[in-house]
There are 2 protein chains.
Amino acid sequence: MTDFPSSHALFQRASAVIPGGLYGHTQPAATLPGVFPYFAASASGARFRDVDGREYLDFMCGYGPVVLGHADPALEDAVAGVRSRGLCFSLPSEPLVELAEELTRRIDFADWAVFGKNGSDMTTWALQVAREATGRRKILHIKGVYHGVDAWITPGHGGIIPEDRSHIHSFPWNDADGAAKLFEQFRGDIAAVFVTPYHHPSYAASEFAQPAFFPRLRQLCDEANALLILDDIRVGFRLHNGGSHIPFGLRPDLSCYCKAMANGYAISACVGREPFRKAARQVFLTGSYWNDPVALTAALYTLKRLETENIPDHLERMGQRLAVGLKTAAAEVGLGFELTGPGTAPYPIFHDDANLFKIQKFCAAALKQGLFFHPHHNWFLCAAHTEGEIDEAIERAKPAFAEAAAREGSR
Amino acid sequence: MTDFPSSHALFQRASAVIPGGLYGHTQPAATLPGVFPYFAASASGARFRDVDGREYLDFMCGYGPVVLGHADPALEDAVAGVRSRGLCFSLPSEPLVELAEELTRRIDFADWAVFGKNGSDMTTWALQVAREATGRRKILHIKGVYHGVDAWITPGHGGIIPEDRSHIHSFPWNDADGAAKLFEQFRGDIAAVFVTPYHHPSYAASEFAQPAFFPRLRQLCDEANALLILDDIRVGFRLHNGGSHIPFGLRPDLSCYCKAMANGYAISACVGREPFRKAARQVFLTGSYWNDPVALTAALYTLKRLETENIPDHLERMGQRLAVGLKTAAAEVGLGFELTGPGTAPYPIFHDDANLFKIQKFCAAALKQGLFFHPHHNWFLCAAHTEGEIDEAIERAKPAFAEAAAREGSR
């Protein structure tokens, strides 16, 4: 007997008409198939209900976009007027310009901005801008990173040919020497280095940059006239209102944003420095729905709320409160547990858990307590996670830690 | 003195913070810079207002997505409930499954469906599915076609390297012999042929397929075990509720949709036949906002309205009425003018207009009459274009034809 008859019935229907049933980052195989629900029905604030009517404290927040809280009523009020005037014009509209002005105002190095609908739209476009600006081919990135689903970088293996990656090379996180070797090997042919503000792979702890890493990469790029491109899609505007490069002391040439920009409305952005404006103009960019004034207005409103309510600080404080609470609760039953990465996007690990059994058992048990904790992807907080929700989560996690400890001992 | 002080002021602001001021298909250079407005403020039904308060009968309809009419109140009612329950869940939701069921129901050859946010998401994914399914590299397409902005096919020149297109080859529309030669040349290495339901380039008349063209392409694909992929993004569900392959007698293996699916809400789709389900499962596909139940519900509603109100028939009738009316009006002042392509998406040409001066002059004059007619891209009709709007457009076009004729004569 499953706890999720409606989820399972819907997945069966899905399997008939969708390859694999579900795909991408929210497919069952990405969490714990048979243990997690597969379909959501509604969400509000920091909670959602699945299609079987069970309610969860949501620590994934739509995998990042939801930063104010689900179905934020003030956001909906803020965009209702714009929406009533149409959402797909035959010309651009003022919010496009306002949002470009807002991003160049709040991001210190940004002289210009463009917009898309997906993160991949922007990382791939940024790659092309770098190639156009430099007349070179080679792109360096961190091993095991996620920059989207396009052929040059997708984590998938299907449908890729060698030519898609013939000029894509990688080096390990924090290995500036490894980067330097590639600069040496491909002297005069490196267009850009892609980085994230910190390393946030799936299935592994998040890692911050060692103090010398970013300065060294910046120096390598400067010496070679290559671009340093920041993929700030995962946590952009969650850590700092001016972008994540600021807390980490990074100085990028281009930076890509998405997710937390508009609390779930579909929009992404790339900003850049003046010397790359001309190249940016040369790389064609468009999409069927890109003049949507609703998503642009939602971004303007969300960014404003993030700033006026100092939400990045709130997220960090709540994340730290959660980290301390969960660590303490785990220790009480003899388990070593910690949240890695920043408070706004914590990645959970158990000590001595090389096969990931402990984290899976814990997340499965936590789910039964109404906690939506992902075992293999960083979590996300939102402004609707107040001290009350955090403390509730810590309390609910206690029996889950106990269950994880007991099962572990019984094997 | 400009007629568009607000448009121009906003474009000046845009130029400071956006490379080129505006980009993509709605940049001023794509129409008639200095003559057309650059920014829209609101839209309703078949009309929109620019930021200077001028109203136009809109014959671009957001470049295709708007098929019911701008800001359709019944559509907004239909999605309001879903929207109030959240738009970016941590799990998929039922409308995803319902929409896949609906597409496989209405599209005769479709056994499965997946969804994205842009047309390019789907054409590029379909290319990868074909490579995965066949283990081959070569992709054939029609010369001068538009399949999106990704590197393998973008009409832009910036940021592209030779490897992006090392296995992409083209042949002219209606030239099945040209396709056969490529099949011969690349025997055993052709993964897929991309086609559109009819040829709809920019800056040229639309062209339908000659009777033997699609059957011959189908035969070439069958003999070589290559996929025939239909890019039905431009007019999918505008010509026929079951997809545009039906009126043109084409039998595709995969087909891509976008634009008219959801009346402006951001969604795209790819459907395919059973033999390619496994390959489809192997090609990773995801995006930050792809579980959005609002866009999925908007698509369900829009497709239903298209079917129950037989809107494709209405669009064709209105398009034909417009074509006859404009041709007659042009003839009255001695000009040869016609609308090419299907009624739902007519492309305008003047006879003896190799340098395109006539069409530019006509569209500039029509704009002053409150008609938003694009000189170099096919137009789009919507359900809100009733006989009243069409006849109004024909009346308003008369002085524009006269102006085009007079100016032409006076040169």
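Reference entry: report on the structure contained in this document.

Criteria and thresholds
Residues numbered from 1 in each chain as written. Chains lettered and ligands numbered in written order. Predicted model: local features only at pLDDT ≥ 70, side-chain atom pairs only at ≥ 80, totals over all residues. Heavy atoms only, no water. Helix = DSSP H or I, 4+ residues; strand = E, 2+ residues; numbered from the N terminus. Rg over C-alpha atoms; globule rule 2.2 N^0.38 Å. Buried < 20%, exposed > 50% of the residue type's maximum accessible area, 1.4 Å probe, protein only. Contact = heavy atoms within 4.5 Å. Areas by Shrake-Rupley, 256 points an atom, 1.4 Å probe, with all protein chains shown as cover. Lys, Arg positive; Asp, Glu negative; His and termini not counted. Charge placed at Lys NZ, Arg CZ, Asp CG, Glu CD. Pairing = 2+ DSSP bridges. Least-squares fit on C-alpha atoms with pLDDT ≥ 70 in both. Axes fitted to C-alpha atoms, helices over the stretch in contact; angles between N-to-C directions. 1 Å grid on protein atoms, 1.4 Å probe; cavity = no way out; pocket = protein on both sides within 12 Å on 5 of 7 lines; lining within 4 Å. Points joined across faces, edges and corners; volume = space filled by probe spheres on them. Nonpolar A, V, L, I, M, F, W, Y, C, P; charged D, E, K, R; others polar. Buried area = accessible area lost by both parts, 1.4 Å probe. Salt bridge = Lys/Arg side-chain N within 4 Å of Asp/Glu carboxyl O. Expected span 1.5 Å × (residues − 1).

## As for the overall build of chain A
- The helix and strand tally for chain A stands at 11 helices and 13 strands.
- Computed over C-alpha atoms, the radius of gyration of chain A comes to 22 Å, within 12% of the 22 Å expected from 2.2 N^0.38 for 411 residues, which places it in the range of a compact globule.
- Put simply, chain A has 411 residues, and 65% of those count as buried.
- For chain A, contacts bridging at least 24 residues in sequence account for 75% of all contacts bridging at least 6.
- Counting every atom, chain A has about 13,600 Å² of accessible surface; 51% of that belongs to carbon and sulfur.
- Each charge class in chain A was averaged separately, 39 positive and 46 negative side chains, and the resulting centres sit 3 Å apart.

## Some details on the pairing of strand β10 (residues 268-272) of chain B
Residue and element names in this part refer to chain B.
- Taking burial as the measure, the five residues of β10 include five buried ones, the bulk of the element.
- The two faces of β10 match: S268, C270 and G272 on one face and A269 and V271 on the other face are all buried.
- Sheet topology places strand β4 (residues 112-116) next to β10; five bridges connect them, and they run antiparallel. Across the sheet, the residue bridging to V114 is C270, located in β10.
- In this structure, strand β9 (residues 254-257) lies alongside β10, joined through four bridges in antiparallel fashion. The residue of β10 that forms the bridge with C256 is C270.

## A few points about the relation of the copies chain B and chain A
- Superposition of chain B onto chain A requires a rotation of 180° combined with a translation of 0.0 Å along the rotation axis, giving an RMSD of 0.0 Å. Classification of the inter-copy transformation places it as that of a two-fold axis. Closest to the rotation axis within chain B is the C-alpha of E163(B), separated from it by 2.9 Å.
- Looking at chain B, 100% of its interface residues are interface residues in chain A too, so the copies touch through the same face.

## Digging into the sheet that holds strand β9 (residues 254-257) of chain A
All names here are of chain A.
- In space, the seven strands of this open sheet follow the order β4-β10-β9-β8-β7-β5-β6, with mixed pairing throughout. Since the sheet does not close on itself, it has two edges, and those belong to β4 (112-116) and β6 (168-171), each with one partner. Averaged over all pairs of adjacent strands, the angle between strand axes in this sheet comes to 20°, irrespective of strand direction.
- Running over the sheet, helix α5 (residues 176-185) touches β5 (138-142), β6 and β7 (190-195) and is turned about 150° from β6.

## Quick word on the pairing of strand β3 (residues 55-58) of chain A
Residues and elements named next belong to chain A.
- Strand direction decides the pairing type here: strand β2 (residues 47-50) and β3, joined by three bridges, are antiparallel. Directly across from F48, in β3, lies its bridge partner Y56.
- Connecting the antiparallel pair β2 and β3 is a turn made up of four residues, with G53 showing a positive phi of about 85°.

## Regarding empty space enclosed by the protein
- Within this structure, the stated rule accounts for 10 cavities of 30 Å³ or more.
- Here the largest cavity defines a volume of roughly 410 Å³.
- Along its surface, the largest cavity is lined by 28 residues, and A151(A), W152(A), D164(A), A151(B) and D164(B) are the ones closest to its centre.
- At the level of elements, α4 (119-134) of chain A together with α4 (119-134) of chain B are the ones that each hand at least two residues to the lining of the largest cavity.
- Here the residues of the lining of the largest cavity sort into 10 nonpolar, nine polar and nine charged.
- Here the second largest cavity is characterised by a volume of approximately 190 Å³.
- Forming the boundary of the second largest cavity are 18 residues, of which Y265(A), D292(A), Y265(B), A266(B) and D292(B) lie nearest the centre.
- Sorting the residues of the lining of the second largest cavity by element identifies α8 (293-308) of chain A together with α9 (293-308) of chain B as the ones contributing at least two each.

## Observations regarding the interface of chain B and chain A
- Listed per partner, the contact involves 99 residues of chain B and 99 residues of chain A.
- Summed over both sides, the interface of chain B with chain A buries roughly 8,200 Å², with 60% coming from carbon and sulfur.
- Applying the counting criterion to the chain B and chain A interface returns six salt bridges.
- Between E94(B) and R13(A) there is a salt bridge; the shortest N-O distance is 3.2 Å.

## A short note on the pattern of salt bridges
Residue and element names in this part refer to chain A.
- One pass over the full model with this rule turns up 56 salt bridges over all chains.
- One salt bridge connects R216 with D177, and the closest N-O pair in it is separated by 2.9 Å. One end of the pair, R216, is in helix α6 (residues 213-224); the other, D177, is in helix α5, with 39 residues separating them in the sequence.
- By relative accessible area, which is 31% here, R216 ends up partly exposed.
- When the shortest N-O distance is used, the salt bridge between R251 and D222 registers 3.5 Å. Residue R251 is found in the loop between β8 (227-231) and β9, and its partner D222 is found in helix α6; the two are separated by 29 residues along the sequence.
- Using a relative accessible area of 39% as the deciding quantity, one classes D222 as partly exposed.

## Comments concerning helix α3 (residues 94-106) of chain A
- In this model α3(A) runs 18 Å from its N-terminal to its C-terminal C-alpha over 13 residues, within 8% of the 18 Å that 1.5 Å per residue would give.
- Elements that come into contact with the buried residues of α3(A) comprise β4, β10 (268-272) and α8 of chain A together with α1 (5-17) of chain B.

## What to know about the sheet that holds strand β13 (residues 371-372) of chain B
Residues and elements named next belong to chain B.
- Reading across from one edge, β1-β2-β3-β13 is the order of the four strands in this open sheet, with mixed pairing throughout. Of all the strands in the sheet, the pair left with one neighbour each is β1 (40-44) and β13.
- Across four bridges, β1 lies against strand β2 (residues 47-50) in antiparallel orientation. Bridging across to β2, S42 finds its partner in R49.

## Description of the environment of L356(B)
Residues and elements named next belong to chain B.
- Examined against the element boundaries, L356 turns out to sit in the loop between β12 (347-350) and α11 (357-368).
- In the structure, L356 is positioned 248 residues away from D108 in sequence and 40 Å away in space, judged by C-alpha atoms.
- Residues within four places of L356 in sequence aside, it is in contact with Y203 and H376.

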